[in-house]
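What the coordinates show
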Amino acid sequence: DEEVGASAQEVQDHSAPEGDVFTIPLDDGRVHLGQVIAFERFDLLFYIVVFDLVTTPERAADLVDRALASRPILAGQTTEALFRPGGWKVVGNRPSEAARFLPAYKRDTPQGIFVKDFLATRQRPATPEEAERLPPEHFTSPMIFQMALNSFHGLADHLDYFDTMDPDNIITAREVFGD
């Protein structure tokens, strides 16, 4: 069984892994499925969404479409650390719904506070309300995603930080910039 994954070097040398569907292991041997929604090449950051479908590692590839149709339960920026062999395993690829999931952030500059999207393709001065409610750009360790999923299933303690990873609590670029 060949392991498939995208290290930062592989991503730099080849195509970006947008759309890759991958498994995140739980402490009890089951896995959740997530998807790379976008990849930011300059900082080598991934924006991922994890879906509410739990299965065995052996069945994961057969359940990709079902997983992507389920409720998103975690989202955020992360690094490539666990997309290497021995880490999160890529089990498929499907078109991602970037407009549905990608966040907006605020960025403090000498010229004032700006809002930007994940890929920094759109930015503008923030309104006072946006400056108040948008978070600064940040990334979450892949291990924190695993801890949050284990917490979701009662296998680990809940940390308040996990609430910031709930897609319902994330302000999207679509909300800020429109379509």
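**Remarks on the overall build of the chain**
If you tally the helices and strands in the chain, you get six helices and eight strands. In sequence order, the secondary structure elements of the chain are arranged as α-β-β-β-α-β-β-α-β-β-β-α-α-α. Relative to its length of 179 residues, the chain is compact, with a C-alpha radius of gyration of 16 Å against a globular reference of 16 Å. Counting only C-alpha atoms and orienting by the principal axes, one finds that the chain spans roughly 55 × 40 × 25 Å. Within the span of the chain, comprising 179 residues, buried residues form 47% of the whole. Sequence-distant contacts, at least 24 apart, represent 64% of the contacts inside the chain between residues at least 6 apart. If you sum the accessible surface of the chain, you get close to 9,400 Å²; carbon and sulfur atoms cover 50% of it. Computed over 16 positive and 30 negative side-chain charges, the inter-centroid distance for the chain is 4 Å.

**Overview of the nonpolar core**
Ranked by internal contacts, the top residues of the largest apolar core, which has 21 residues, are L33, I37, Y47, V49, F101, L102 and F118. Elements with a contribution of two residues or more to this core: β2 (31-40), β3 (45-55) and α2 (64-69). Looking at this core, the element that brings in the most residues is β3, giving five residues. Excluding residues that lie within four positions of it along the chain, F118 makes contacts with A38, F39, E40, L45, F46, Y47, Q77, L102, P103, Y105 and E137.

**What to know about the sheet that holds β3**
With antiparallel pairing, the five strands of this open sheet are ordered in space as β4-β3-β2-β1-β5. Strand pairing shows two members of the sheet lacking a second neighbour, β4 (72-78) and β5 (89-93), which therefore form its edges. Averaged over all adjacent pairs, the angle separating strand axes in this sheet is 30°, with direction ignored.

**A closer look at the pairing of strand β7 (residues 112-117)**
Bridge analysis of strand β6 (residues 104-109) against β7 gives six bridges, and the strand direction is antiparallel. Pairing of A104 across the sheet is with D117, part of β7. Taken together, β6 and the strand that follows it, β7, pair antiparallel across an intervening segment of two residues. What sits between β7 and strand β8 (residues 123-125) in their antiparallel hairpin is a turn of five residues, with A120 showing a positive phi close to 60°.

**Focus: the layout of surface pockets**
Its volume calculated, the second largest pocket comes out at about 250 Å³. In terms of lining, the second largest pocket is formed by 17 residues, of which the most central are P135, H138, T164, N169 and I170. Counting only elements with at least two residues in the lining of the second largest pocket, the list comes to β4 and β6. Sort the elements by how many residues they give to the lining of the second largest pocket and β4 lands first, with three residues. Per-class residue counts for the lining of the second largest pocket are ten nonpolar, six polar and one charged.

**Comments concerning the confidence of the model for the chain**
The predicted model of the chain averages 89 in pLDDT, with 91% of residues at 70 or higher. Per-element confidence in the chain is highest for α2, whose mean pLDDT is 97, and lowest for helix α1 (residues 8-13), whose mean pLDDT is 40. A low-confidence stretch, residues 1-15 (pLDDT under 50), is modelled with 26 contacts involving residues beyond four sequence positions or located in other chains.

**Considerations on the pattern of salt bridges**
This model, assessed by the stated rule, comprises eight salt bridges. As a salt-bridge pair, E137 and K116 come within 3.0 Å of each other at their nearest N and O atoms. Here E137 is found in the loop between α4 (128-133) and α5 (142-152), whereas its partner K116 is found in strand β7, with 21 residues between them in sequence. When its relative accessible area of 34% is taken as the criterion, E137 is described as partly exposed. With a closest N to O distance of 3.7 Å, E129 and R133 form a salt bridge. Here the residue E129 and the residue R133 both occupy positions in helix α4, the gap between them amounting to four residues, near one helical turn.

Analysis parameters
Residue positions are given per chain, counted from 1 along the sequence in the order it is written. It should be noted that, the model being predicted, local features are given only for residues of pLDDT at least 70 and side-chain atom pairs only at 80 or more, the latter also being counted only at that level, while totals for whole chains, interfaces and linings use all residues. Side-chain numbers here rest on the full set of heavy atoms in the structure, without hydrogens or water. Only DSSP runs of H or I covering at least 4 residues are called helices, and only runs of E covering at least 2 are called strands; the numbering of each starts at the N terminus. As a reference, a globule follows 2.2 Å times the number of residues to the power 0.38, and the radius of gyration itself is taken over C-alpha atoms. Type-normalised accessible area, obtained with a 1.4 Å probe on protein chains alone, sets the label of each residue: buried when under 20%, exposed when over 50%, and partly exposed for intermediate values. What makes two residues a contact is simply this: any of their non-hydrogen atoms within 4.5 Å. Note that accessible areas follow from Shrake-Rupley with a 1.4 Å probe, and for residues the cover is restricted to the protein chains shown. The sign given to each residue is positive for Lys and Arg and negative for Asp and Glu; His and the chain ends receive no count. Taken as the charge location is NZ of Lys, CZ of Arg, CG of Asp or CD of Glu. Among the buried residues, those of types Ala, Val, Leu, Ile, Met, Phe, Trp, Tyr and Cys that are joined through side-chain atoms within 4.5 Å form a nonpolar core. Pairing between strands requires that DSSP locate at least two bridges from one strand to the other. Angles shown run from 0 to 180 degrees and are taken between the N-to-C directions of axes, each axis being a line fitted to C-alpha atoms and, for helices, limited to the stretch in contact. Using a 1 Å grid laid over the protein atoms alone, points where a 1.4 Å probe fits but cannot get out form a cavity; open sets with protein on both sides within 12 Å along at least 5 of 7 lines form a pocket; any residue with an atom within 4 Å of a point counts as lining. Grid points are joined across faces, edges and corners, and a volume is the space filled by probe spheres set on the points. Amino acids are sorted into nonpolar (Ala, Val, Leu, Ile, Met, Phe, Trp, Tyr, Cys and Pro), charged (Asp, Glu, Lys and Arg) and polar (every other residue, Gly among them). A score between 0 and 100, pLDDT records how confident the predictor is in each residue. Any Lys or Arg side-chain nitrogen located within 4 Å of an Asp or Glu carboxyl oxygen qualifies as a salt bridge.

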